[in-house]
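Read off the chains here:
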Amino acid sequence: MSDGFSILKRAGLFVVLALLASGLEEQASGGGLEDAWQRGKLLVGVRSDFPPFGYLDKSGNPQGVDVEVARYLAKALFDDTGERLELVSVTSGSRIPFLYSGWIDVIVASMSITEERKRVLEFSDPYFVSASLLLVPRDSSINGLQDLPGKRVGVLEGAIQEKDLEHNAPQAIRAPFRTLSEAVESLKSNQVDAVCSDDAVILYLAVKSQSLRAAGAPFNPHPYAIAVRKGDTEFVQWINRQLAKMKADGTYEKLRQKVLGDMESAPAKP
């Protein structure tokens with residue numbers, strides 16, 4: 001896919017966001033909390049192809065940091081075992097449309113806060129900070145952003161890395177993919193020279209693979225936050241209270257260690 005295609009994709013996304021923004025007042029009137037209560041179930045958009053934040057284990061069960069945060073929210077909302085939670089698989093590009101279509105109440109899907117997204121979303125307090133990082137074949141000559149001119153770099157459609165690369169490696173050829181697995185498979189088959197995604201994800205993939213490695217240092221750090229429809233401040237305030245409880249009662253630190261602890265001393269970490 002050409003860089004021109006990437007530009008068209010971004011232009012299309014801008015049109016979608018503008019259309020959403022034009023109807024924000026009407027669509028945000030109900031509120032995610034009210035919708036969940038009336039339904040008797042919380043619908044949460046999570047990633048299923050983005051380890052270690054959202055992925056499927058060998059049995060096909062959702063796992064990861066975002067999944068556990070979603071479970072915590074559902075238990076807090078309904079004060080039960082979390083059975084009244086429905087996890088809906090989303091991608092970087094589908095997260096916002098799913099939210100405004102009413103298919104989900106809230107996005108817990110490794111979403112970075114940006115000024116563009118703040119125009120159409122309400123963000124919670126940050127719960128994680130991630131930066132962009134490169135994944136390359138182990139024998140690649142690419143060792144950082146300086147080696148990307150003329151190279152094809154896979155990015156996820158709608159992900160923040162599209163702009164990160166545009167600003168930090170403008171001569172790289174950005175190749176958008178719908179899912180991370182598609183991007184990684186293209187890397188392994190030499191259709192792209194590198195993949196750029198969130199650093200924790202890249203480190204996770206590098207640790208799990210004998211043929212891939214992380215390249216260079218993380219760049220452009222961005223905070224992750226939970227997102228709801230614009231104007232739904234009641235929901236955001238409730239979410240912030242739950243995140244504060246997670247940190248105060250030790251739940252968040254245990255989760256971070258469980259999912260990310262084994263990567264902190266991994267050889268693949270820059």
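Residues numbered from 1 in each chain as written. Predicted model: local features only at pLDDT ≥ 70, side-chain atom pairs only at ≥ 80, totals over all residues. Heavy atoms only, no water.

A. The arrangement of the nonpolar core in detail. Formed by 52 residues in total, the largest nonpolar core has its most connected members in Leu42, Val69, Val106, Leu135 and Ile226. Per element, the largest residue contribution to this core is nine residues, and it comes from helix 4 (residues 65–78). Ignoring anything within four residues of it in the chain, the contact list for Val106 reads Leu42, Leu43, Val44, Gly45, Leu99, Ile226, Ala227, Val228, Phe235 and Ile239. Formed by 15 residues, the second largest nonpolar core is a distinct cluster that contains Val88, Tyr100, Phe123 and Ala225. (Core = buried A, V, L, I, M, F, W, Y, C linked by side-chain atoms within 4.5 Å. Buried < 20%, exposed > 50% of the residue type's maximum accessible area, 1.4 Å probe, protein only. Helix = DSSP H or I, 4+ residues; strand = E, 2+ residues; numbered from the N terminus. Contact = heavy atoms within 4.5 Å.)

B. Representation of the packing of helix 4 against helix 10 (residues 233–248) within the structure. In the contact formed by helix 4 and helix 10, the axes pass within 11 Å of each other and the chain directions differ by 110 degrees. The orientation of helix 4 relative to helix 10 falls into the category roughly perpendicular. The handedness of the crossing between helix 4 and helix 10 is right-handed. Taking contact as the criterion, the partners of Val69, Tyr72, Leu73, Ala76 and Leu77 in helix 4 are, on helix 10, Trp238, Gln242, Leu243, Lys245 and Met246. Considering only residue class, the contact of helix 4 with helix 10 consists of eight nonpolar, one polar and one charged. (Axes fitted to C-alpha atoms, helices over the stretch in contact; angles between N-to-C directions. Parallel < 35°, antiparallel > 145°, perpendicular 65-115°, else oblique. Left-handed = near helix turned anticlockwise from the far one by under 90°. Nonpolar A, V, L, I, M, F, W, Y, C, P; charged D, E, K, R; others polar.)

C. Here's a closer look at the sheet that holds strand 3 (residues 54–56). Here we have three strands laid out as an open sheet, ordered 2-3-4, and antiparallel in their pairing. Only two strands of the sheet have a single partner each, and these edge strands are strand 2 (49–50) and strand 4 (62–63). Two elements, strand 3 and strand 4, share two bridges in a ladder whose sense is antiparallel. Bridge pairing in strand 4 links Leu56 to Pro62. (Pairing = 2+ DSSP bridges.)

D. Up close: empty space enclosed by the protein. Taken as a whole and assessed by the stated rule, the structure comprises one cavity of 30 Å³ or more. Here the largest cavity defines a volume of roughly 70 Å³. Around the largest cavity, the lining residues are Arg47, Phe50, Ser92, Arg95, Ser110, Met111, Ser112, Arg117, Ala159, Ile160, Gln161 and Asp198. Top element by residues in the lining of the largest cavity is strand 6 (residues 106–112). It accounts for three residues. (1 Å grid on protein atoms, 1.4 Å probe; cavity = no way out; pocket = protein on both sides within 12 Å on 5 of 7 lines; lining within 4 Å. Points joined across faces, edges and corners; volume = space filled by probe spheres on them.)

E. Summary view of the pairing of strand 9 (residues 152–156). The element strand 9 is extensively covered by neighbouring structure, given that four of its five residues are classed as buried. Bridge count for strand 9 against strand 10 (residues 173–177) is five bridges, and the pairing is parallel. When the bridges of strand 10 are listed, Leu156 appears paired with Phe177. Once the chain exits strand 9 it traverses helix 7 (residues 161–168) before rejoining the sheet at strand 10, and the crossover so formed is right-handed. Direction of pairing for strand 9 relative to strand 11 (residues 194–198): parallel, over a ladder of two bridges. (Right-handed = clockwise from strand over helix to strand, strands pointing away.)

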